[in-house]
Amino acid sequence: MPYSIFMLPEGLITVTGATGGDGLDGVTQGDGSHLIGAMITLNSNDWVEIEINDDDANFQDNDGGQTLVNAETINSDPTDPAATETFAAGTGVQAEYGVIAVGPGPDFIEYQLVAVNFGPGFATNEGLAFIGPSGGFPPIGVPLTVTSNQEGPSFVAATYATPICFAAGTLIAAPDGDIAVEDLAVGNMVTTREGGAEVVRWIGRRSFPAVGRFAPVEFAPGAIGNTQTLRVSRQHRLRLTGWRAELFFGEDAVWVPAVHFLGRPGVHLAEGGEVTYFHILLDGHRTLIADGVEAESLHPGDVAMCNLDDNAEAEVLAMFPELDGLADRATSHLALRAAEARAILTA
């Protein structure tokens, strides 16, 4: 069963203060302990999608069943941006170790990072992957301090961070009637649950092959109350209300990533062809009505910002400089982690 993991290559990462190792590489150990107390800075958001063949749904350490689907060329040297190394299709790939790192600021936001290793050598690692969506991608250019390490990490592949956005064709509710997301423009008004009519501040768009982690989750008409086929990225969150939210979390509503609805009637991955995703930024994290379903707008904190390319991020920060560094900006409702989402949807 193939799946994809987004990884930032080692050549785009700076590590300072490591002991007994060389950057992400443990040299004498493969458990990440050499990084405790070190600082990790991500210097780019050029995430690389790594497609992996596996005989189970977990991306983990010490699993001989995990191999590269395609040849991968990785920038592996932080001192030389032109340095690359190519790994052939069929090469073994492992989640060598995990670390928890915290960002600066009074709230000490924690991020779960996983070292990705190609080939048999446990001491060398080619990059970092990140668990999301609530942690998601750490911010770019912000030093993160490593506080602990994990030997033998094993995380379900679907829990790794991935972009959050609407697919083309989604109808967004507006005061004057529904409008296709691709027809929205900055300055248009859309309808939100929290504030009624609100102005669109920025719209971004990117196109991808609809395979692996980029394949959208598709909801057949009526599957979750949607008025037509709804397609969103895997980690795009939908608003869930009712007794389950109250019983499990003491909340009137929670955010559940779309990927966790897979397997329910009328919900599947739509692979094949190309998909164009759209981000809609308002004045805050809001609830939009998309094809009749309550779904999130782009979260304006750094977690969401890092899903944008460099030009898009610069454009948004130029308009909203107060967003810079707001990795801890709260979501409008509690955002569920993978285990929480599975529990509430199977209740």
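Residues numbered from 1 in each chain as written. Predicted model: local features only at pLDDT ≥ 70, side-chain atom pairs only at ≥ 80, totals over all residues. Heavy atoms only, no water.

**Student:** I'd like a description of a nonpolar patch on the surface, backed by residues and values.
**Tutor:** Taken together, the side chains of Trp 243, Leu 247 and Phe 248 make up a nonpolar region of the molecular surface, amounting to roughly 360 Å² of accessible area. Secondary-structure assignment places Phe 248 in helix α1 (residues 243-249). Judged by its relative accessible area of 36%, Phe 248 is partly exposed. (Patch = residues over 30% accessible without salt bridge, like charges linked within 9 Å, V, L, I, M, F, W, Y side chains within 5 Å. Areas by Shrake-Rupley, 256 points an atom, 1.4 Å probe, with all protein chains shown as cover. Salt bridge = Lys/Arg side-chain N within 4 Å of Asp/Glu carboxyl O. Helix = DSSP H or I, 4+ residues; strand = E, 2+ residues; numbered from the N terminus. Buried < 20%, exposed > 50% of the residue type's maximum accessible area, 1.4 Å probe, protein only.)

**Student:** Mind laying out the pairing of strand β18 (residues 196-199), listing which residues take part and the relevant values?
**Tutor:** In this structure, strand β17 (residues 189-192) lies alongside β18, joined through 4 bridges in antiparallel fashion. What sits directly across from Thr 191, in β18, is Ala 197. Between β17 and β18, which pair antiparallel in sequence order, lie 3 residues. (Pairing = 2+ DSSP bridges.)

**Student:** Break down the pattern of salt bridges for me, with residues and values.
**Tutor:** For the coordinates displayed, the defined rule picks out 6 salt bridges. We note a salt bridge from Asp 283 to Arg 201, for which the minimum N-O separation is 2.7 Å. Residue Asp 283 is located in the loop between β25 (274-281) and β26 (287-290), and its partner Arg 201 is located in the loop between β18 and β19 (202-209); the two are separated by 82 residues in the primary sequence. On the basis of relative accessibility, which here comes to 31%, the residue Arg 201 falls in the partly exposed class. For Glu 294, the salt bridge identified is with Arg 239, shortest N-O distance 2.7 Å. Taken as a pair, Glu 294 in strand β27 (residues 293-296) and Arg 239 in strand β22 (residues 237-241) lie far apart in primary sequence, 55 residues in all.

**Student:** I'd like a rundown of the sheet that holds strand β11 (residues 127-130), residues and numbers included.
**Tutor:** Across the sheet, 9 strands lie side by side as β2-β3-β12-β9-β10-β11-β1-β4-β6; this open sheet has antiparallel pairing. Sheet topology places β2 (13-16) and β6 (67-68) at the edges, where each strand pairs with a single neighbour.

**Student:** How would you summarise unusual backbone geometry if you had to cite specific residues and measurements?
**Tutor:** Of note, Asn 62 is a non-glycine position whose phi angle comes to about 55 degrees, a positive value. Relative to the assigned elements, Asn 62 resides in the loop between β5 (58-60) and β6. Phi is positive for Asp 291, close to 50 degrees, though the residue is something other than glycine. Mapped onto the elements of the fold, Asp 291 is located in the loop between β26 and β27.

**Student:** Got a sec to walk through helix α4 (residues 338-346)? Specific residues and values, please.
**Tutor:** For α4, the complete set of buried residues consists of Ala 338, Ala 341, Ile 344 and Leu 345. All buried residues of α4 fall inside an arc of 135 degrees around its axis, so they share one side. Seen from the buried face of α4, the exposed residues on the opposite side, beyond 90 degrees, are Ala 339 and Thr 346. Lining the buried residues of α4 we find β22, α1 and β23 (253-257). (Arc of directions from axis to C-beta. Contact = heavy atoms within 4.5 Å.)

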